[in-house]
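Tertiary structure, described
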Amino acid sequence: MADQPATPDRVLLIMIISSPNVLDDVLTAMLDIGVPGTVIESKGIMAIMREEMPVFGGLASMLGATTGSRIILSATTRALADEVFEFLEREVKAKERPLTFTVPVDKAAGLRG
Amino acid sequence: MFLAIVAVLGIGLAATSKPAYRLRRNRAIAGLLATGYPAMAIGFLLGPRAIGVIPDEPLQDAMPIAMIGLGWIGVMVGLQLRRDLISALPREVRRLTIADAIASSAVFGGLAALLLPVWTGQPDPATWWLGVALIGGGSIGWSMETRSLRRTGTSPAGDRLSLAVRAGGAVGGISAILVFGVASDLVVRDASGGQGFDLLAAAITIAITIVLAVALGIFGRYFLDVAGRQREHQLVVFIGIVVFAAGVATEMGLSPLMGAMLTGVVIANLAGDRLRGFERFILKAEHTVAVLFSVLAGILLDERIGWGGLAIVAAIVLARLAIKPALAAAVLRSTRAEDDRRGLPPLPRASAIYLGAARQSPLIAAMAVGLVLTEPSIYHQRLLAIVVFAGMICEIVALTGGANQRRRMLAREQPDPAFPAEPNLGASA
């Protein structure tokens with residue numbers, strides 16, 4: 001597929017979510033807003049440290065459900081990304097807000113919508 | 001009292017700070033820290049028998065805090081006994097944990113039963129039975145950390161072996177708490193303060209412990225649902241579950257560690273998103289609680305164990321080094337034919353990772369601390385010292401032996417069968 005021309009309007013939205021509750025809400029909101037995305041299972045550095053050095057919870061520290069986080073990647077428009085930020089500020093408490101940021105996209109291929 | 005708590009908390013926070021974690025990137029240091037012995041050494045230095053920054057008396061006042069720690073550890077261990085997790089364990093790991101539980105209880109319990117009467121000078125078994133329960137039950141399982149025994153680089157066989165040893169240690173820990181809890185319930189105190197064996201009372205005690213654990217698990221889930229998504233309310237319920245699990249058990253003369261562990265088992269097997277949040281909360285504090293408990297163990301132990309105590313230490317060390325790694329290797333490799341059929345990488349005949357089974361589980365120190373707190377006596381403080389000294393020696397021997405084995409293999413250009421051939425890493429290997 002030919003590369004699409006760069007558009008200043010496109011950003012890569014990145015969210016790192018450790019709370020399963022917040023993940024549920026964010027996914028629902030993204031569907032409502034119309035932002036597509038890819039979810040990646042991940043682990044924070046401290047989770048890896050705990051996994052490498054188990055003391056009492058050797059098995060449990062290996063389970064993604066109890067230690068992991070999710071990264072959501074979405075190549076979307078700046079306007080839609082702004083709506084996601086507004087949702088986070090409006091609906092998610094400050095302490096629970098996932099680490100969220102955007103980076104500009106120079107070139108892209110395979111974008112849909 | 002205030003200074004004592006501040007000192008202990010300060011050590012706990014320092015040991016789990018970012019610079020401390022940076023230090024743990026060194027594999028040997030990580031291996032040592034995983035068992036808590038450096039923290040115990042600091043606790044001993046600060047305690048009443050060394051520098052004396054933390055005197056003896058305030059520790060009894062700090063018992064409620066120590067009980068929270070015991071409850072935390074018990075719940076953390078119990079949370080691992082999830083149906084789906086246990087059924088996913090490889091067959092060789094299940095065989096290993098059963099074999100280890102039987103062998104360890106028999107060998108180490110037998111050693112304790114032979115040597116403790118001589119050491120204590122007491123012929124009545126009821127007076128030293130708790131020591132048999134501690135050494136026999138607490139010797140089941142081993143430290144779950146395996147990274148310090150591995151060379152750099154990974155291989156499918158090495159990963160498989162590492163996981164098996166780690167899982168064996170984890171499930172062994174659960175068996176250890178159960179065996180210790182049941183065995184220690186066999187001895188009861190009568191109204192005059194004397195001790196004796198009472199099987200009926202033990203059975204009732206165990207039944208009450210199970211009922212309490214189930215009730216607490218179910219109520220815990222209910223209250224977590226009531227707390228909803230309010231973090232502050234959730235925190236209150238989390239801590240309440242931990243405190244009740246150990247505190248109620250202690251007040252009723254039950255084993256706090258076993259009561260808390262069974263509560264963790266119930267919670268792990270109940271459905272509910274809130275309970276998964278509880279699990280995460282408990283596990284995140286693992287290292288901090290471990291350091292705090294290790295410091296407490298160091299403060300409480302009484303190092304004056306005499307030649308008899310040293311003989312018990314030597315017996316435990318020799319038995320662990322002679323039996324555990326060989327048992328682990330034999331049982332884990334007993335499924336070779338099945339592994340070939342399933343296309344799994346064969347486990348190596350020799351590897352430094354098997355030495356992980358010789359390393360004592362940190363749970364035995366937690367059990368010994370619980371014993372000192374619930375039944376304070378110089379005998380129990382010296383028992384704590386015995387298990388700590390035995391564990392330290394096993395740790396040093398296992399880590400040194402593992403390093404030597406890897407060095408010899410590299411020098412002879414025979415790669416560790418668990419790992420693919422590696423370039424000569426020189427001093428960094």
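The model shown is predicted, which means the values in this text are computed figures rather than measured ones.

1. Regarding the overall build of chain B
If you tally the helices and strands in chain B, you get 19 helices and two strands. Buried residues in chain B amount to 54% of all 429 residues. In chain B, 82% of the contacts between residues at least 6 apart in sequence involve partners at least 24 apart. When the accessible surface of chain B is totalled, it reaches about 17900 Å², and 68% of it is carbon and sulfur.

2. A look at the overall build of chain A
For chain A, the count of helices and strands is four helices and four strands. Its helices and strands taken in sequence order, chain A reads β-α-β-α-α-β-α-β from the N to the C terminus. A buried classification covers 39% of the 113 residues belonging to chain A. Of the contacts formed within chain A by residues at least 6 apart in sequence, a portion of 81% connects residues at least 24 apart.

3. A closer look at the side chain of B:Gln234
Summarising the element assignment, B:Gln234 is placed in helix 12 (residues 231-251). Not counting chain neighbours up to four residues away, the residues in contact with B:Gln234 comprise B:Leu224, B:Ala227, B:Gly228, B:Arg229 and B:Arg274.

4. A closer look at the sheet that holds strand 1 (residues 10-17) of chain A
All names here are of chain A. Here we have four strands laid out as an open sheet, ordered 2-3-1-4, and antiparallel in their pairing. Two strands close off the open sheet at either side, each with one partner strand: strand 2 (38-42) and strand 4 (99-104). Taking each pair of neighbouring strands and ignoring which way they run, the sheet shows an average axis angle of 20°. Relative to strand 3 (residues 69-77), strand 1 runs antiparallel, the two being bridged by eight bridges. Paired with Leu 13 across the bridge in strand 3 is Ser 74. Lying over the sheet, helix 4 (residues 78-91) contacts strand 1, strand 3 and strand 4, oriented at roughly 140° with respect to strand 3.

5. What to know about a positive patch on the surface
Taken together, the side chains of A:Lys93, A:Lys95, B:Arg231 and B:Lys284 present a region of like positive charge at the surface. Its location among the elements puts A:Lys95 in the loop between helix 4 and strand 4. Given the relative accessible area of 82%, A:Lys95 is considered exposed.

6. With respect to the packing of helix 10 (residues 156-185) of chain B against helix 18 (residues 363-374) of chain B
All names here are of chain B. Contact geometry for helix 10 and helix 18: axes closest at 10 Å, N-to-C directions at 25°. With respect to helix 18, the element helix 10 is oriented roughly parallel. Judged by the sense of rotation from one axis to the other, the crossing of helix 10 with helix 18 is right-handed. Along its contact with helix 10, which presents Gly 173, Ala 176, Ile 177 and Phe 180, the element helix 18 presents Leu 363, Met 367 and Leu 371. Split by residue class, the contact of helix 10 with helix 18 holds six nonpolar, one polar and no charged.

7. Re the environment of B:Gly306
Residues and elements named next belong to chain B. Its location among the elements puts Gly 306 in helix 16 (residues 306-332). A relative accessible area of 41% places Gly 306 in the partly exposed class. Residues Gly 306 and Arg 382 lie 76 residues apart in sequence; the distance between their C-alpha atoms is 9.6 Å.

8. Overview of the interface of chain A and chain B
Contacts between the two partners involve 28 residues from chain A and, on the opposite side, 34 residues from chain B. Three residues stand out in chain A for area buried against chain B, namely A:Met53, A:Phe56 and A:Leu59, and they jointly supply 28% of the buried area on that side. Viewed at the interface, chain B and chain A are joined by two salt bridges. Taking the shortest distance from any N to any O, the salt bridge between B:Arg147 and A:Glu52 comes out at 3.6 Å. Between the two partners, chain A and chain B, sit eight residue pairs in polar contact (both at pLDDT 80 or more). Looking at the side of chain A that touches chain B, the elements that each hand over two or more residues are helix 1 (20-33), helix 2 (45-52) and helix 3 (64-67) of chain A. Among the elements that make up the side of chain A that touches chain B, the one with the highest residue count is helix 2 of chain A (five residues). Residue classes in the side of chain A that touches chain B are distributed as 13 nonpolar, nine polar and six charged.

9. Describing the confidence of the model for chain B
Residue and element names in this part refer to chain B. This prediction gives chain B a mean pLDDT of 84; 90% of its residues lie at or above 70. Helix 5 (residues 57-61) is the least confidently modelled element of chain B, averaging 63 in pLDDT, while helix 16 averages 94, the highest of any element. Taken as a whole, residues 422-429 scores under 50 in pLDDT and shows five contacts with residues more than four places along the chain or in a different chain. The ipTM for the predicted assembly is 0.78, set against a pTM of 0.84.

10. Things to note about the packing of helix 8 (residues 91-120) of chain B against helix 16 of chain B
Residues and elements named next belong to chain B. Two elements in contact, helix 8 and helix 16, have axes whose closest approach is 10 Å; the angle formed by their N-to-C orientations is 165°. Our classification of the angle between helix 8 and helix 16 gives roughly antiparallel. Helix-helix and strand crossings are classified by hand; for helix 8 and helix 16 the assignment is right-handed. Per-class residue counts for the contact of helix 8 with helix 16 are 20 nonpolar, three polar and five charged.

11. Observations concerning the nonpolar core
Residue and element names in this part refer to chain B. The biggest cluster of nonpolar side chains holds 88 residues, and the ones touching the most others in it are Ile 73, Leu 116, Leu 134, Phe 278 and Leu 384. Take this core: its biggest share by element is ten residues, from helix 18. Counting 21 residues, the second largest nonpolar core, distinct from the first, contains Leu 85, Leu 96, Ala 167 and Tyr 354.

12. Describing a negative patch on the surface
A surface patch of like charges, here negative, comprises A:Asp82, A:Glu83, A:Glu86 and A:Glu89. Along the chain, the position of A:Glu83 falls in helix 4.

13. A closer look at helix 2 of chain A
If you check which residues of helix 2 of chain A are buried, you get A:Ala47, A:Met49 and A:Arg50. One face of helix 2 of chain A carries all of its buried residues, which in axial projection span an arc of 160°.

14. Some points on a nonpolar patch on the surface
A cluster of nonpolar side chains, A:Ile16, A:Leu99, A:Phe101 and A:Val103, forms an exposed patch at the surface whose accessible area comes to about 300 Å². Mapped onto the elements of the fold, A:Val103 is located in strand 4.

What counts, and at which threshold
- Residues numbered from 1 in each chain as written.
- Chains lettered and ligands numbered in written order.
- Predicted model: local features only at pLDDT ≥ 70, side-chain atom pairs only at ≥ 80, totals over all residues.
- Heavy atoms only, no water.
- Helix = DSSP H or I, 4+ residues; strand = E, 2+ residues; numbered from the N terminus.
- Buried < 20%, exposed > 50% of the residue type's maximum accessible area, 1.4 Å probe, protein only.
- Contact = heavy atoms within 4.5 Å.
- Areas by Shrake-Rupley, 256 points an atom, 1.4 Å probe, with all protein chains shown as cover.
- Pairing = 2+ DSSP bridges.
- Axes fitted to C-alpha atoms, helices over the stretch in contact; angles between N-to-C directions.
- Patch = residues over 30% accessible without salt bridge, like charges linked within 9 Å, V, L, I, M, F, W, Y side chains within 5 Å.
- Salt bridge = Lys/Arg side-chain N within 4 Å of Asp/Glu carboxyl O.
- Lys, Arg positive; Asp, Glu negative; His and termini not counted.
- Charge placed at Lys NZ, Arg CZ, Asp CG, Glu CD.
- Parallel < 35°, antiparallel > 145°, perpendicular 65-115°, else oblique.
- Left-handed = near helix turned anticlockwise from the far one by under 90°.
- Nonpolar A, V, L, I, M, F, W, Y, C, P; charged D, E, K, R; others polar.
- Buried area = accessible area lost by both parts, 1.4 Å probe.
- Polar contact = N/O pair within 3.5 Å; in protein donor to acceptor, adjacent residues only side chain to side chain.
- pLDDT = per-residue confidence, 0-100.
- Core = buried A, V, L, I, M, F, W, Y, C linked by side-chain atoms within 4.5 Å.
- Arc of directions from axis to C-beta.

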